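# Results of the structural survey
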Amino acid sequence: MIKVTAGADAPERCSQAFTVAAVAAASGVEVSLWLTGESSWFAVPGKAAGFELPHAAPLPDLIASVQSAGRITLCTQCAARREITEADLIEGVRIAGAQVFLSEIMEDGVQALVY
């Protein structure tokens, strides 16, 4: 479980979270990536393409890597605060809330990282 709380407002922290999630997924680790706060915008098509950080992998590539072997979830409240709906999301991203987050985090063997 990787929870991203930063977006373009803290680009290094944001990029680190997506990088760790993508590397974990590529390594065969079951990944659940949660987008919260300003990272919520990266659930919307085209938003990741505008993210730039020198010497970092392109965010759209990292998202594709996570999606190929993991799951991406957008926080319900974060989506609502930004008026992002299911119709606004890139394919494969779901919106879910604290109950789903808690059920995932409490499973045996789950480790969580928060960026």
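Here goes a summary of the coordinates provided. (Residues numbered from 1 in each chain as written. Predicted model: local features only at pLDDT ≥ 70, side-chain atom pairs only at ≥ 80, totals over all residues. Heavy atoms only, no water.)

### So, the sheet that holds strand β3 (residues 70-75)
To keep things clear, this is the line we draw: Strand pairing follows a simple DSSP-based rule, namely that at least 2 bridges must link the two strands. Put simply, DSSP H or I for four residues or longer makes a helix, DSSP E for two residues or longer makes a strand, and each gets a number counted from the N terminus.
Spatial ordering of the open sheet is given by β4-β3-β2-β1-β5, a layout of five strands whose pairing is parallel. The open sheet has two free edges, formed respectively by β4 (93-96) and β5 (113-114), since each of these has just one partner strand. Examined bridge by bridge, strand β1 (residues 2-4) and strand β2 (residues 31-35) share three bridges and lie parallel to one another. The residue bridging Val 4 from the neighbouring strand is Leu 35, located in β2.

### Thoughts on the packing of aromatic side chains
Aromatic ring pairs are reported here in terms of the distance separating the ring centres and the angle at which the planes meet. Quick reminder of the rule: Here is the rule: rings of Phe, Tyr and Trp (six-membered ring for Trp) pair when centre to centre is within 6.5 Å. Planes less than 30 degrees apart are stacked, more than 60 are edge-to-face, and the remainder are tilted. Relative accessibility decides the category of a residue: with a 1.4 Å probe and only protein chains considered, values under 20% of the type maximum give buried, values over 50% give exposed, and everything between is partly exposed.
Applying the stated criterion across every chain, the model contains three aromatic pairs. Note on Phe 18 and Phe 42: the rings are 6.0 Å apart at their centroids and 85° apart in plane angle, and the pair reads as edge-to-face. Remark: Phe 42 occurs in the loop between β2 and α2 (59-69) and Phe 18 occurs in helix α1 (residues 11-26); sequence separation between them is 24 residues. With 5.2 Å between their ring centres and 85° between their planes, Trp 34 and Phe 101 make a pair best called edge-to-face. With Trp 34 in strand β2 and Phe 101 in helix α4 (residues 98-105), the pair connects residues that are 67 residues apart, well separated along the chain. A relative accessible area of 2% means that Trp 34 is categorised as buried. Here the aromatic cluster, defined as three or more aromatic residues joined through ring pairs, consists of Phe 18, Phe 42 and Phe 51.

### Some thoughts on the environment of Lys 47
Where we set the bar: The criterion used for residue contact is that any of the two residues' heavy atoms lie within 4.5 Å.
Of note, Lys 47 is situated in the loop between β2 and α2. Classification of Lys 47 by relative accessible area gives partly exposed; the value is 40%. C-alpha separation for the pair Lys 47 and Cys 78, spaced 31 residues apart in sequence, amounts to 16 Å. With near-sequence residues (within four places) excluded, Lys 47 lies in contact with Trp 41 and Phe 42.

### With respect to the pairing of β2
Note the threshold: By convention, a crossover is right-handed whenever its connection, traced from the first strand over the helix to the second and viewed with the strands pointing away, goes clockwise.
For β2, a buried count of five out of five residues is recorded, marking the element as mostly surrounded by other parts of the structure. Burial of the side chains of β2 extends over both faces: Val 31, Leu 33 and Leu 35 are buried on one face and Ser 32 and Trp 34 on the other. Here β2 runs beside β3; their pairing, made up of five bridges, is parallel. Its bridge partner being in β3, Ser 32 is matched across the sheet by Arg 71. Viewed along the sheet, the connection from β2 through α2 into β3 turns out right-handed.

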